[in-house]
Amino acid sequence: MRAVLRHLVALQMIAALWAAPSRFTFERGLMGTRFAITCHGEDEAVAKAAADEAFKLAGEIEAVASDYIADSELLRLSQGTAGRPVALSPRLFDLLEKSIGFAGRTDGRFDPTMGPLTRLWREARRRGELPEPAVLESARSACGWKLLELDEGTRTATLGHDGMRLDLGGIAKGYTADAMFELMRSRGFASTCIAAGGDLRLGDPPPGKRGWSVGVRTLQKDDLSGQLELSNCAVSTSGDLQQRIEIDGVGYSHIIDPSTGLGLTRHLAVTIVAADATTSDALATAACTVDGSMVEALAKQWGAREVMAEGTVRFMSWNLHHGVGEDGKLDLERIASVIRAQAPDVVVLQEVDNRCRRSGNVDQAAELARLTGMHGAFGKAIDHDGGEYGHAILSKGKLGATAVHRLPGDGEPRIAFEATASVAGKPVRVVSVHLDHQDEERRLGQAVALAGMLGDTTGPMIVGGDFNDIPGSETLKKVGSLGAAVDKSGARLTQPARAPKVEIDHVFVRRLKPVAPARVVPDAIASDHRPVVVELMSDP
């Protein structure tokens, strides 16, 4: 009897295994990327038929919403006359209505009317040249989500400016993934994952699992920063993981910054988890244009469930010679133009005047902050010429606490000036240094003191400045105890600016690493030193 029971149990187990849903995957090229459907079911033919329907639906949406397909409904709308209502299909009207909703929710950080800038930036990237200012301004004037008027009653759209061109690249893939998922679910495949480039729409978990396993991408394109188990939601990752170009020494993303009309100048990867892929796609696009310290808070305010962001900081160090260039002229606007051209997030400046007679009684830190659109702080080294003389730190984000560290020595008083900056929402110690230029022993003593003053914590730190010493010196070896020296590429010499003979301006980092070697900016006139610029990312 027991043998019979064992036999029956074995048959039941085999039957259960036979009936267990199988995993099916189908792929197709759409919207310039690969779309994949992974689903679980009992009949592959039925699953394939449903997937074919879903791909057909995706192709129909692409034909409506593409800005590449010459006869798409979206391009026909963009080619219309400003001020004249155009009747739309239900699909395009729905997509535009959702797009305008996200534009309002994100205060224009997601904007479906950026087509003129998208087209201009594609051409700039192809040619390797920035657009002329007048051309850029003309394209910017034709953008603005409030210029697109939708009328639900007549299902029409009206363009409010000549030359407008709509671009739904930041939402169309997520919207399509949602539509494909709903079709698969209606055909009985609730356990389905739709992958559309960087967007995932997830249904019920795979059989026997708590959720779909989702790897979160980092700025290193082959690395994953984590693994999530998710179901019945959507995940989108946006950022310049692979698409990036360098123009005039500045790296630019394919993602356009609405505030400048040019590609973003910092690396950023943002992953958004939301209820649906339309939302996650639009919010991931918008979040990439936000200052790193605000990404998580704003994205959640907009409707994200979870936010993961990894960014970089573009750092510049420069001895200003109180704004006096190699031609003997004091010109802060010239200094500011060099800084603006490099698009740094944080700048440390040495030899800065604060209301000194020789520089027109100007607060140079405050004036440079104004001219560059950054926040600024000044650290006093000495009283000088009716005012003060020292260091400045500029930052795109607000600066935290500051501190002046006085260095030993019987020569000209020297300091290190410190402030806390925010990089992708995380605090980073930023320190400007200017060591003695006359006596090697005094300089080494200052480096020893500096190492003692700044070595009290283990968090991320950037130390940059004029160290008045060359690579391999005992002074720089001692400073190197605080963090790794950042190597330079190409021309390495920094002073004098007109015809550099020595490499005395350096950057050291702790718990950060360079995306690429530092670069000496070839400016030969604005100061007597050349600036050093490097882009840094987290190195936990």
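Residues numbered from 1 in each chain as written. Predicted model: local features only at pLDDT ≥ 70, side-chain atom pairs only at ≥ 80, totals over all residues. Heavy atoms only, no water.

Visitor: What exactly am I supposed to notice about the environment of Leu92 here?
Guide: Take Leu92: it is sitting in helix 4 (residues 90-105). We classify Leu92 as buried; its relative accessible area is 0%. Remark: the alpha-carbon pair of Leu92 and Gly328, spanning 236 residues in sequence, is separated by 61 Å. Once you skip the residues sitting within four places of it in the chain, Leu92 turns out to touch Val64, Glu73, Leu74 and Leu168. (Helix = DSSP H or I, 4+ residues; strand = E, 2+ residues; numbered from the N terminus. Buried < 20%, exposed > 50% of the residue type's maximum accessible area, 1.4 Å probe, protein only. Contact = heavy atoms within 4.5 Å.)

Visitor: Would you mind going over the side chain of Asp199 with me for this structure?
Guide: If you trace the backbone, Asp199 turns up in strand 7 (residues 199-202). Look at Asp199: it is buried, it has no salt bridge, and the nearest opposite charge is Lys173 at 6.2 Å. Every residue in contact with Asp199, bar those within four places of it in the chain, is listed here: Lys173, Gly174, Ile194, Val235, Ser236 and Asp281. (Lys, Arg positive; Asp, Glu negative; His and termini not counted. Salt bridge = Lys/Arg side-chain N within 4 Å of Asp/Glu carboxyl O.)

Visitor: What should I look at first to understand the packing of helix 2 (residues 44-65) against helix 7 (residues 172-186) in this one?
Guide: For any two helices packed against each other, one specifies the inter-axial angle together with the distance between the axes. Where helix 2 contacts helix 7, the axes come no closer than 9 Å and their chain directions differ by 150°. Viewed along their axes, helix 2 and helix 7 adopt a mutual orientation that is roughly antiparallel. Here helix 2 runs over helix 7; the crossing is right-handed. On the side of helix 2, the interface is formed by Ala47, Ala50, Ala51, Glu53, Ala54, Phe55, Leu57, Ala58 and Ile61, while helix 7 contributes Tyr175, Thr176, Ala179, Met180, Leu183 and Met184. Class assignment for the residues of the contact of helix 2 with helix 7 results in 13 nonpolar, one polar and one charged. (Axes fitted to C-alpha atoms, helices over the stretch in contact; angles between N-to-C directions. Parallel < 35°, antiparallel > 145°, perpendicular 65-115°, else oblique. Left-handed = near helix turned anticlockwise from the far one by under 90°. Nonpolar A, V, L, I, M, F, W, Y, C, P; charged D, E, K, R; others polar.)

Visitor: Help me understand the sheet that holds strand 3 (residues 86-87) in this model?
Guide: Note: strands within a sheet are paired through backbone hydrogen bonds, in either parallel or antiparallel orientation. Read from one edge of the open sheet, three strands run 3-5-4, paired in antiparallel fashion. The sheet is open, and its two borders are formed by strand 3 and strand 4 (148-151), each paired with just one other strand. Relative to strand 5 (residues 156-159), strand 3 is paired through two bridges, and the arrangement is antiparallel. Its bridge partner being in strand 5, Ala87 is matched across the sheet by Thr156. Sheet strands touched by helix 4: strand 4 and strand 5. Its angle to strand 4, the strand with the most contacts, is close to 125°. (Pairing = 2+ DSSP bridges.)

Visitor: Just checking my understanding: could you explain the pattern of salt bridges for this structure?
Guide: When the charged atoms of two side chains with opposite charge come close together, those side chains can pair. In total, this model carries 30 salt bridges according to the counting rule given. Arg340 is paired through a salt bridge with Glu333; the nearest N and O atoms lie 2.6 Å apart. Across the salt bridge formed by Arg492 and Asp487, the nearest N and O atoms sit 2.9 Å from each other.

Visitor: Sorry, what's going on with the packing of aromatic side chains here?
Guide: Each aromatic ring pair is summarised here by two numbers: the centre-to-centre distance and the angle between the ring planes. Enumeration according to the criterion identifies two aromatic pairs in this entry. Centroid distance Trp121 to Tyr252: 5.3 Å. Interplanar angle 70°. Geometry classified as edge-to-face. Placement of the pair is Trp121 in helix 5 (residues 115-127) and Tyr252 in strand 12 (residues 250-253), with a sequence separation of 131 residues. Exposure remark for Tyr252: the relative accessible area of 6% places this residue in the buried category. A ring pair is formed by Phe467 and Phe508, whose centres lie 5.4 Å apart and whose planes are at 70°; its orientation type is edge-to-face. With Phe467 in the loop between strand 21 (461-466) and helix 13 (474-479) and Phe508 in strand 24 (residues 505-510), the pair connects residues that are 41 residues apart, well separated along the chain. Judged by relative accessible area, which is 3%, Phe508 ranks as buried. (Phe/Tyr/Trp six-rings, centres within 6.5 Å; stacked < 30°, edge-to-face > 60°.)

Visitor: How do you make sense of unusual backbone geometry when you look at a structure like this?
Guide: Excluding glycine, residues mostly have negative phi values, and the peptide bonds linking residues are mostly trans. For the bond running from Gln495 to Pro496, omega is -5°, close enough to zero to count as cis. Backbone geometry places Asn232, a non-glycine residue, at a positive phi of 50°.

Visitor: Looking at this structure, I do not really get the nonpolar core. What am I missing?
Guide: One recurring pattern in soluble globular proteins: nonpolar side chains tend to sit buried together. Counting residues in each nonpolar core, the largest one holds 66 residues, and the members touching the most others are Leu96, Leu168 and Ile272. Counting residues per element, this core draws most heavily on helix 2, which supplies ten residues. Grouped together as the second largest cluster of nonpolar side chains are 26 residues, Ala377, Ala381, Val486 and Ala518 included. (Core = buried A, V, L, I, M, F, W, Y, C linked by side-chain atoms within 4.5 Å.)

Visitor: Could you clarify how one ought to interpret the side chain of Asp111 in this entry?
Guide: Tracing the backbone shows Asp111 in the loop between helix 4 and helix 5. An unpaired buried charge is present at Asp111: no salt bridge exists, and Arg140, the closest side chain of opposite charge, is 9.9 Å distant. Side chain to side chain, Asp111 and Thr113 meet in a polar contact 2.7 Å long. Side-chain polar atoms of Asp111 contact the backbone nitrogen of Trp145, separated by 3.3 Å. (Polar contact = N/O pair within 3.5 Å; in protein donor to acceptor, adjacent residues only side chain to side chain.)

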